Amino acid sequence: MTVNATAAAAVEGRITADVGASDYQAILRNPNFQTLVSSRNKFVWTLSMLMLFIYLGFILLVAFDKALLAQKVAGGTTSLGIVLGLGVILSAFILTGIYVTRANSRFDELTERLKREVGR
Amino acid sequence: MIPRSSLALAAALAAMACPQAARAAGAVEGAVEKQGLNITAVIIFFAFVLFTLGITYRAARQTKSASDFYAAGGGITAGQNGLAIAGDYMSAASFLGISGLVFSNGFDGLIYSIGFLVGWPIVLFTIAERLRNLGKFTFADVAAFRLDQTSIRVLSATGTLVVVSFYLIAQMVGAGKLIQLLFGLPYSSAVPIVGVLMIVYVVFGGMKATTWVQIIKACLLLGGASFMALMVLIHFNFDPNAMFAAAVQVHPKGDAIMAPGAFVADPVSTISLGLALIFGTAGLPHILMRFFTVSDAKAARKSVFYATGLIGYFYILTFIIGFGAITFLMNDPTYYKVGANGSFDKIRDLIGGAANMPAIDLARAVGGDVLYGFISAVAFATILAVVAGLTLAGASAVSHDLYASVIARGRTTEGREVNVSKISAVVIGVVAIVLGYVFENQNVAFMVGLAFSVAASCNFPVLLMSILWRGTTTLGALVGGFLGLISAVLMIVLSKAVWVDTFHMAGTAVFPYDNPALFSVPLAFVAIWLFSKLDASQRARREQAAFVEQYVRSETGVGASGAHAH
C-alpha cells in the first residue's frame, strides 16, 4: 500500500489499530476459516448456477419455443408460460431464503467460532 | 404498437430489446397532452411532501458525523433496508410501465419484471455481505481496498457519475411528463419541484432522510397496489383463471396475450438485456450504497432477502393490475378517445396512452377519485424518492472518492468532507434541473439502458474482480473498467435506439443488437484479467500480497467498520 493510500485508509478508519497483519495470517490458517470459506463458496456457487439456469432456461424457452409456453394448463385459459414465469419469481425468493437460512445458522456459527478462537 | 407521439413510460432497456416494449423502467418518452387538474392527487402529494420534510427535519438533527450523512450511522435495520432497496426498484416506470406493458401485450410484461428480479439473488450470493464487510460509505471503498486509491477512486467515481447523470436526466424528464399527465400541471413546474425537494432531502437529511423517503413511498405504493390487485381478485372470486379468461375475451389480441409475443425478436438482444439487468443491478451506485447503512453482514443479507420478496410480490401485483385493467377498462368507452362513429382502438385510443395510464385508470375504476388521486400522487412521489438516492450517490462519489481521497489525499476532516458532499448535492440538483429543461423534448429512453449497461460493464466487473480474485491489480482494474465503460457507451451510441432513432443517422445501426452487455461485460472481465496478468510491477506484487487482509475481512467481517464510526 502506498503512503497516500495508507493515509487515506487511516482517515477512513479502514485500518483498525487492533487488527494486525499477523492476525489475518492466523485466521487464514485456522481450519474453521477454511471450512467456512470452502463450504460457503460451494453453496453459493450451486445456488448462483441454479438461479442463472432457471432464468436463462426461461428466457431461451421464450426465445425458441413459444408454442410450448402457449400451451394451456389443466384445460383453463392460464398458459404454461404464466405458470413458469411466476415460478421463476418464486424460485428467486426461495433461493435467497435457502441461502439466508443456511447463512444465519451454519455460516454465522462457523464465523463466531472462528472469531472466538482468534480472540476477536 | 404504441405510436411514438404517445407517452411511453419507457425503460430504455425494453426500448432496446424491442421498440414495441419501449416502456418499462425509467424514462418517460414522447409528447404528452396535459390533463385536467387532479386536485386530490395534488393534495395527497402535498401531504407526502410535508410529512417527508418533517422526517428530514428530524433526520437533520440526528445527522452529525460523516457516517450519519453517508450511511445513516449504520442504524438502518434489515427490514427497513429491504423496504428501501425494494423502493429503489418500485419506480414510477416499473409500476406504470410494466402494468401498461401487460395491458397492451399480456404475458410479455412478465418477462420484463423477471429480468429485474433475478439480479437480486445474484447480488446476495456474490457481493452483499462482502460489501458490508469491506466498505464504509461508497463502493469505491471496496474496489480500492488494496488497490491504488487515487486511480481506482477516479474510475469508480466516473462510473458512478455517468450512471447517476443518465439515470437522473431520465427521471427529471419523466417527472415533467408525469406531472402533466397525472396532476394536470405544466412540465415546467415538475422539474424545479423535484430538483429542489431532492436537494433538501439530501443536504439536510443525508442518508437517513433519503432512506425514510424511500421506505414511506414503498409502503404507500405497496399498499395502494395491493388494494387494487385485491379488488380485481375479489371481482373474479380469487380465480386467476377466470380473470385470464375474461381478459382474453375482451383483448383485441385475444388468446395471444397468454403467450410470448413480439417482445423477443432477437435472442442475442434478449440475453444481452438479461445480463445488463442482472449485473447492472449489482453495479448501481445508489443501490450498492444501501449495504453500508445496516449494522453488519447479517443485516445486509437479510435485507436482500426481504427486498427480493417485496420486489417479487410487487411484480406479481403489477401483473394482476395489468390484467385487471384489461378486463375493467377495455369495454368502457369512458376511458377512451371515441371516434365519430363510436369506435375506438382498445389499446391505442386509451386516454393518456396505454403505456402509462392502465394502472391509473384501474385505480379510478376500482376505487373512485380518491384512489385515483392517491395512486397518481404515489406514482409521482416514487420519482422523488429515487432521485434523492441518486443525488446522494453522486454527491458521495464527489466528496468521499474524488475530494477526500484524490484531491485532498486523505488530509481533510470529516466535517469538511460532508460539506463538500452537500455542496455537490446542490450542484447536482441544479444541473439536473437545467438538464430537465434541456432534454424536455428529447427522447431519453435510451439513458436508463445506458445507466444499467455502464453499471454492468464498469462498476460491477471492477468490484467483483477486486473482491474475489487475488490477482487483480490496479492496472488491470483501470484498463478493464474504462474499456467496459467506453465500449458500453460506444455500442449504445451506435445502436438503433440512439444512432438511428435519436441522432437520425441514415441507414441501419452500426451496432446490430439493442443492448451491449453481452459483449461489454465479458470484455471488461477479460481485460481486468489480462492486464492484471501482464502487470509485473512492484505495486502489483504489493497489491496481490495485500489480498490476504481483504480476503479474511470480506469473508468474516473481522476488522469491518462498525455501525457507528464517530
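Cut-offs and rules
- Residues numbered from 1 in each chain as written.
- Chains lettered and ligands numbered in written order.
- Predicted model: local features only at pLDDT ≥ 70, side-chain atom pairs only at ≥ 80, totals over all residues.
- Heavy atoms only, no water.
- Patch = residues over 30% accessible without salt bridge, like charges linked within 9 Å, V, L, I, M, F, W, Y side chains within 5 Å.
- Areas by Shrake-Rupley, 256 points an atom, 1.4 Å probe, with all protein chains shown as cover.
- Salt bridge = Lys/Arg side-chain N within 4 Å of Asp/Glu carboxyl O.
- Helix = DSSP H or I, 4+ residues; strand = E, 2+ residues; numbered from the N terminus.
- Phe/Tyr/Trp six-rings, centres within 6.5 Å; stacked < 30°, edge-to-face > 60°.
- Buried < 20%, exposed > 50% of the residue type's maximum accessible area, 1.4 Å probe, protein only.
- Polar contact = N/O pair within 3.5 Å; in protein donor to acceptor, adjacent residues only side chain to side chain.
- Contact = heavy atoms within 4.5 Å.
- Core = buried A, V, L, I, M, F, W, Y, C linked by side-chain atoms within 4.5 Å.
- pLDDT = per-residue confidence, 0-100.
- Buried area = accessible area lost by both parts, 1.4 Å probe.

## Notes on a nonpolar patch on the surface
Item 1. Residues Leu90, Phe93, Ile94 and Ile98 of chain A make up a contiguous nonpolar surface patch of about 350 Å² in total accessible area.
Item 2. Mapped onto the elements, Ile98 of chain A comes out in helix H5 (residues 80–117).

## Describing the packing of aromatic side chains
Residues and elements named next belong to chain B.
Item 1. Taken as a whole, this structure holds 29 aromatic pairs over all chains when the rule is applied.
Item 2. Aromatic pair Phe116 and Phe452: ring centres 5.8 Å apart, planes at 85°, arrangement edge-to-face. Within this pair, whereas Phe116 is found in helix H6 (residues 108–117), its partner Phe452 is found in helix H17 (residues 445–468), the two being separated by 336 residues in sequence. We note that Phe116, like Phe452, is buried.

## A word on the side chain of Ser466 of chain B
All names here are of chain B.
Item 1. As for its position among the elements, Ser466 is in helix H17.
Item 2. Assessed through its relative accessible area of 0%, Ser466 is described here as buried.
Item 3. Within the structure, Ser466 has its side chain in polar contact with the backbone oxygen of Leu463 (distance 3.1 Å).
Item 4. Every residue in contact with Ser466, bar those within four places of it in the chain, is listed here: Val142, Ala143, Arg146, Leu147, Thr472, Phe547 and Gln550.

## Section: the pattern of salt bridges
Item 1. The tally for this structure, following the rule as stated, stands at 14 salt bridges over all chains.
Item 2. Here Arg153 of chain B ties to Asp401 of chain B by a salt bridge, and the two come within 2.6 Å at their closest N and O atoms. Of this pair, Arg153 of chain B sits in helix H9 (residues 149–183) while Asp401 of chain B sits in helix H15 (residues 357–407), and the two are 248 residues apart along the sequence.
Item 3. Overall, Asp401 of chain B belongs to the buried group, its relative accessible area being 2%.
Item 4. Through salt bridges that share partners, Arg40 and Asp108 of chain A together with Glu129, Arg130, Lys298, Arg301 and Glu555 of chain B make up one connected network.

## Section: the nonpolar core
The tendency in soluble globular proteins is for nonpolar side chains to be buried as a group.
Item 1. Of all hydrophobic cores here, the largest spans 205 residues; its most connected members are Tyr99 of chain A together with Phe323 of chain B.
Item 2. Residue contributions to this core peak at 24 residues, all from H15 of chain B.
Item 3. Contacts of Tyr99 of chain A, omitting those with residues within four sequence positions, involve Arg40, Phe43, Val44, Leu47 and Phe107 of chain A together with Leu124, Phe125, Glu129 and Arg301 of chain B.
Item 4. By size, the runner-up hydrophobic cluster in this structure holds 10 residues, among which are Phe33 and Val37 of chain A together with Val548 and Val552 of chain B.

## Observations concerning the confidence of the model for chain A
Residue and element names in this part refer to chain A.
Item 1. On average, residues of chain A score 82 in pLDDT, and 82% of them are at 70 or above.
Item 2. For chain A, helix H1 (residues 3–12) is the element with the lowest average pLDDT, namely 46, and H5 is the one with the highest, namely 92.
Item 3. Note on residues 1–17: pLDDT is under 50 here. Beyond four places in sequence and across chains, it has 31 contacts.

## Points about the interface of chain B and chain A
Item 1. The partner chain A presents 61 residues to the 61 residues of chain B that form the contact.
Item 2. Roughly 5,600 Å² of surface becomes buried between chain B and chain A when both sides are summed, with 71% attributable to carbon and sulfur atoms.
Item 3. At the boundary of chain B with chain A, the tally comes to five salt bridges.
Item 4. A salt bridge links Arg40 of chain A to Glu555 of chain B; the nearest nitrogen and oxygen atoms lie 2.8 Å apart.
Item 5. Our count for the chain B to chain A interface comes out at 11 residue pairs in polar contact (both at pLDDT 80 or more).
Item 6. Looking at the side of chain B that touches chain A, the elements with two or more residues in it are H6, helix H7 (119–134), H9, helix H11 (240–250), helix H12 (267–281), helix H14 (297–329), H15 and helix H22 (547–556) of chain B.
Item 7. In terms of residues, the side of chain B that touches chain A owes the most to one element, H14 of chain B, which gives 10 residues.

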